[in-house]
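# Per-entry structural report
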Amino acid sequence: MLFPFDPEVFWQRVRLIIREEVSRVEKAAPVTSLYETPGLEYKPLYKIEEVCQLFQISKPTIYSWVECGKLKPVKIRSRVFFLWQDIQSLLKEGRKDTAA
């Protein structure tokens, strides 16, 4: 045997070291949210109806936002979606307008 320990003692120490490292990493990792807006659940893509409900606006308003470049549609086959990042930036833009 190459180890100066009894195999059972060696494995107990290895398990102890692993537990200590895992608990140290769990304590050190700050809990951060994947999304920035409270109450907005993270989804990579939103349907037009969900965006309408989120902003409490109608579909024609969404279409006008697309035309003027506020929102960029993502077309997948015959369906239209909007990216989460674009919605976040639009929300931030709205907050800046109300703060000024």
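Everything here concerns the structure above.
Reading the values: rules and limits
Along each chain, residues carry numbers from 1 onward, in the same order as the chain's sequence is written. Only residues with pLDDT of 70 or above have their local features reported here, since the model is predicted, and side-chain atom pairs are shown and tallied only from 80 upward, although totals for entire chains, interfaces and linings are computed over all residues. To obtain the side-chain values, all non-hydrogen atoms of the structure were included, while hydrogens and water were left out. Numbering of helices and strands runs from the N terminus, with a helix taken as a DSSP run of H or I at least four residues long and a strand as a DSSP run of E at least two residues long. Relative accessibility decides the category of a residue: with a 1.4 Å probe and only protein chains considered, values under 20% of the type maximum give buried, values over 50% give exposed, and everything between is partly exposed. The Shrake-Rupley method, run with a 1.4 Å probe sphere, supplies the accessible areas, and residue values consider only the shown protein chains as cover. In this analysis, axes come from line fits to C-alpha atoms, helices being fitted only over the stretch in contact, and the angle between any two N-to-C directions falls in the range 0 to 180 degrees. Oblique is the label for every angle not falling under 35 degrees (roughly parallel), over 145 degrees (roughly antiparallel), or within 65 to 115 degrees (roughly perpendicular). By the convention used here, residues are in contact when the closest approach between their heavy atoms is within 4.5 Å. Under the scheme applied here, ten amino acids are nonpolar (Ala, Val, Leu, Ile, Met, Phe, Trp, Tyr, Cys and Pro), four are charged (Asp, Glu, Lys and Arg), and all others, including Gly, are polar. Pairing between two strands requires that DSSP report at least two bridges joining them.

On to the overall build of the protein chain, then. Broken down by element type, the protein chain carries four helices and three strands. Counted from the first residue to the last, the protein chain has its helices and strands arranged as α-β-α-α-β-β-α. When each of the 100 residues of the protein chain is scored for burial, the buried share is 18%. Approximately 8200 Å² of the protein chain is accessible, and the part contributed by carbon and sulfur atoms is 58%.

Attention shifts here to the environment of Tyr 63. Within the secondary structure, Tyr 63 is located in helix α3 (residues 59-68). Under the relative-accessibility criterion, Tyr 63 is labelled partly exposed at 45%. Put simply, Tyr 63 and Ile 48 are 15 residues apart on the chain and 9.5 Å apart in space, counted from C-alpha to C-alpha.

Moving on, we come to the packing of helix α2 (residues 48-55) against α3. One way to put it is that α2 packs onto α3 with a least axis distance of 9 Å and a crossing angle of 100°. Classified by the angle their axes make, α2 and α3 are roughly perpendicular. Seen from α2, the contacting residues are Ile 48, Glu 49, Val 51, Cys 52 and Phe 55; seen from α3, they are Lys 59, Ile 62, Tyr 63 and Trp 65. Within the contact of α2 with α3, the residues separate by chemical class into seven nonpolar, no polar and two charged.

Next up on the list: the sheet that holds strand β1 (residues 45-47). Overall, antiparallel pairing links the three strands, which are arranged β1-β3-β2 in an open sheet. Each having just a single partner strand, β1 and β2 (73-76) make up the two edges of the open sheet. Each strand of the sheet is rotated relative to its neighbour by a mean of 45°, with strand direction disregarded. The pairing of β2 with strand β3 (residues 79-83) spans four bridges and is antiparallel.

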